[in-house]
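So the chains spell out like this:
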Protein chains: 2
Amino acid sequence: MPHTTPGVLGWDIGGANVKAVRLDGRPGQPPALHSRSTPFEIQRDPEALVPTLRRLAAALEAGGGPHAVTMTAELSQAFRTKREGVGAVLDAVEAAFPGADVGVYTVGGRFVTPAVARSIPLEVAASNWAATARLVARFVPDCLLIDIGTTSTDIIPIAGGEMAAQGRTDPERLASGELVYTGALRTPCEAVASEVSVGRARCAVSAEGFALMGDVYLWTGRLSPEDYTVRAPDGRPGTREFAGERLARVVCADREMLDDEAIGRIADALSEAQTGTVVAAIGRVRARHPG
Amino acid sequence: MPHTTPGVLGWDIGGANVKAVRLDGRPGQPPALHSRSTPFEIQRDPEALVPTLRRLAAALEAGGGPHAVTMTAELSQAFRTKREGVGAVLDAVEAAFPGADVGVYTVGGRFVTPAVARSIPLEVAASNWAATARLVARFVPDCLLIDIGTTSTDIIPIAGGEMAAQGRTDPERLASGELVYTGALRTPCEAVASEVSVGRARCAVSAEGFALMGDVYLWTGRLSPEDYTVRAPDGRPGTREFAGERLARVVCADREMLDDEAIGRIADALSEAQTGTVVAAIGRVRARHPG
């Protein structure tokens, strides 16, 4: 596709996934979008961020256009503070694209230079939800934006065409119910429920990270193996069969002890518990924005 | 210390720690005991079990005496089933001590040969609590045995000099309240509480394994750094300072955002929640054994 000016490259640099989009303006038409996403656990190999950014940019055939950056990777335990994390992420962006025009998005909705961003780490940390919310607000002026990701869930009120969230930082948002640290793939099962049903009994769960919510949804058929984009806890394939083995370990059992029906009950209990947690948070956020 | 017959070597081969004791009978006196324990995460390196066993035996200056084995390592996700895990652990014991006399303890209280043990994996899996309980029962015929370890807690009723547990396998014990999968060191904080206090607000917790209950007790001073025998989630030292950084991440914050008082409130909330879980399980077990 021909384009005369180099497109803008948008980044969401997370602790578990890095996402990039190339946006090309076309006179008289909506912009053309091309996106790529790659699993990338920054805590396993922080040094690999620079080549990961370059690889995604190359895959999008990005030219020398400007970069717009949001991040959540600064929360990774690879960094002692958000300040250090923001600095490291911006170091990687600047090393990957030397001399490029880089704008870093703030929770308040501005783009700032990397130098400014480094001086206000709490304003550029975890700002991706605010970007999504402001974009949605342009099209749907009154709504509740619910974004359930692999790891966490955003519940953002939009009122009168404005993003109307109560919390700005991650801790404020965890307190307000606007951020729920539960997702459809990476969340360990013991973070979702402390008990599940096994046969007729309620059974407490183990706490070893034996299974993820992605295993629950592999089992129930709501997640396909291609979308199980993390390393499984046991290192085995992201398939329904192995998900069943991982779910058996949630109650310290194995597939010689538990049949398909028993695994299904465990999966259902975890799925219902997770849904209940998200529903409760939606209720809290809605209660502040009646009507 | 001189001894004429080679002592018995007792083993508890867990998924996170391997413990060994040498017991030497002395005519007319209580037996002499020498013990060693070493952190050993079997899922990280199953092949290392053989040299670990040999190293502990050498440290205890064990001779060619018999071996008495209990295990919990069979639950590790290194193995697809308990049967496979029991087999692998016994393979390691037999490789470490070729030709030795090995007795494997069953939950029912017998010692069986490795060959028999391999054929009844559910009876030799996770039998260590039953050994402890039967020993305690000899000295305290009516009591509740409470053993809070790094990873899990056993609550075993002993009545009329007999071990009186309702559950035998791990899943049965999780259902009966006799096994609570919560411990003083390795348990991730999000498995203990879904909310903590931050300032005046209740705040939901993250689910990334950012902090362990060992960090809570490092912070409150109830665990000393020498006893923080696991790799910390962030790979940094097991000290109060770094425990504070890990606890800040429980609410997606950092030490620039949260002062000592705020960290203390998070630690207290988690400690109270864990205590509450254990107390509730004690109540359930006691209710079945009134008086």
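Refer to the structure printed above.
A few points on the structure. It should be emphasised that the depicted structure is a prediction, and the values quoted were computed from it without experimental measurement.

Section: the interface of chain B and chain A
Frequently, the measure chosen for interface size is the accessible area that the parts lose on association.
(1) Moving on: Taken together, the contacts link 46 residues of chain B with 46 residues of chain A.
(2) Moving on: Between chain B and chain A, the buried area comes to about 3,900 Å², and carbon and sulfur atoms account for 54% of it.
(3) Moving on: Of all residues in chain B, Gln-77, Arg-80 and Cys-252 of chain B bury the most surface against chain A, accounting for 19% of the area lost on that side.
(4) Moving on: Across the contact surface, chain B and chain A share eight salt bridges.
(5) Moving on: A salt bridge links Glu-245 of chain B to Arg-80 of chain A; the shortest N-O distance between them is 2.6 Å.
(6) Moving on: Those elements that place two or more of their residues in the side of chain B that touches chain A are α2 (82-96), α6 (170-176), β12 (201-204) and α8 (240-249) of chain B.
(7) Moving on: Of the residues in the side of chain B that touches chain A, the class split is 22 nonpolar, nine polar and 15 charged.

A few points about the side chain of Arg-249 of chain A
(1) Moving on: Assignment of secondary structure puts Arg-249 of chain A in helix α8 (residues 240-249).
(2) Moving on: Residue classification places Arg-249 of chain A among the buried residues on the basis of a relative accessible area of 3%.
(3) Moving on: Leave out the neighbours within four places in its chain, and Arg-249 of chain A touches Ser-206, Phe-210, Asp-234 and Arg-236 of chain A together with Leu-75, Ser-76, Gln-77, Phe-79 and Arg-80 of chain B.

Details of the sheet that holds strand β4 (residues 67-71) of chain B
Pairing between the strands of a sheet is mediated by backbone hydrogen bonds and can be parallel or antiparallel.
Residue and element names in this part refer to chain B.
(1) Moving on: The mixed open sheet is built from six strands, whose spatial order is β3-β2-β1-β4-β5-β6. Sheet topology places β3 (29-39) and β6 (111-112) at the edges, where each strand pairs with a single neighbour.
(2) Moving on: Note that strand β5 (residues 102-105) and β6 share two bridges and pair antiparallel. Counterpart to Tyr-105 in the pairing with β6 is Phe-111.
(3) Moving on: Lying on the sheet, helix α5 (residues 128-139) is in contact with β1 (8-13), β4 and β5; it crosses β5 at an angle near 85 degrees.

A closer look at the relation of the copies chain B and chain A
(1) Moving on: Least-squares fitting of chain B to chain A yields an RMSD of 0.0 Å, with the transformation described by 0.0 Å of translation along the axis and a rotation of 180 degrees. Taken together, the rotation angle and the small translation identify this as a two-fold axis. Taking C-alpha positions as reference, the residue of chain B nearest the rotation axis is Ala-191 of chain B, located at 2.6 Å.

Let's talk about the packing of helix α1 (residues 49-59) of chain B against α2 of chain B
All names here are of chain B.
(1) Moving on: Running from N to C, α1 and α2 cross one another at 50 degrees; their axes reach a closest spacing of 9 Å. By the angle class used here, α1 and α2 are oblique. Note on packing geometry: the crossing formed by α1 with α2 is right-handed. For the pair α1 and α2, contact is made by Leu-49, Val-50, Leu-53 and Arg-54 and by Val-89, Ala-92, Val-93, Ala-95 and Ala-96, respectively.
(2) Moving on: Its residues placed into classes, the contact of α1 with α2 shows eight nonpolar, no polar and one charged.

A short note on the packing of aromatic side chains
Ring pairs (aromatic) are described by centroid distance and by the angle formed between their planes.
All names here are of chain A.
(1) Moving on: With the rule as written, the count across this model stands at four aromatic pairs over all chains.
(2) Moving on: For the ring pair Trp-11 and Phe-97, a centre distance of 5.7 Å and an interplane angle of 35 degrees mean the geometry is tilted. Of this pair, Trp-11 sits in strand β1 (residues 8-13) while Phe-97 sits in the loop between α2 (82-96) and β5 (102-105), placing them 86 residues apart in sequence.
(3) Moving on: The exposure class of Trp-11 is buried, given its relative accessible area of 3%.
(4) Moving on: Lying across the ring of Trp-219, Arg-240 places its NZ or CZ 3.8 Å from the centre.

Analysis parameters
Residues numbered from 1 in each chain as written. Chains lettered and ligands numbered in written order. Predicted model: local features only at pLDDT ≥ 70, side-chain atom pairs only at ≥ 80, totals over all residues. Heavy atoms only, no water. Contact = heavy atoms within 4.5 Å. Buried area = accessible area lost by both parts, 1.4 Å probe. Salt bridge = Lys/Arg side-chain N within 4 Å of Asp/Glu carboxyl O. Helix = DSSP H or I, 4+ residues; strand = E, 2+ residues; numbered from the N terminus. Nonpolar A, V, L, I, M, F, W, Y, C, P; charged D, E, K, R; others polar. Buried < 20%, exposed > 50% of the residue type's maximum accessible area, 1.4 Å probe, protein only. Pairing = 2+ DSSP bridges. Axes fitted to C-alpha atoms, helices over the stretch in contact; angles between N-to-C directions. Least-squares fit on C-alpha atoms with pLDDT ≥ 70 in both. Parallel < 35°, antiparallel > 145°, perpendicular 65-115°, else oblique. Left-handed = near helix turned anticlockwise from the far one by under 90°. Phe/Tyr/Trp six-rings, centres within 6.5 Å; stacked < 30°, edge-to-face > 60°. Lys NZ or Arg CZ within 6 Å of the ring centre and 35° of its normal.

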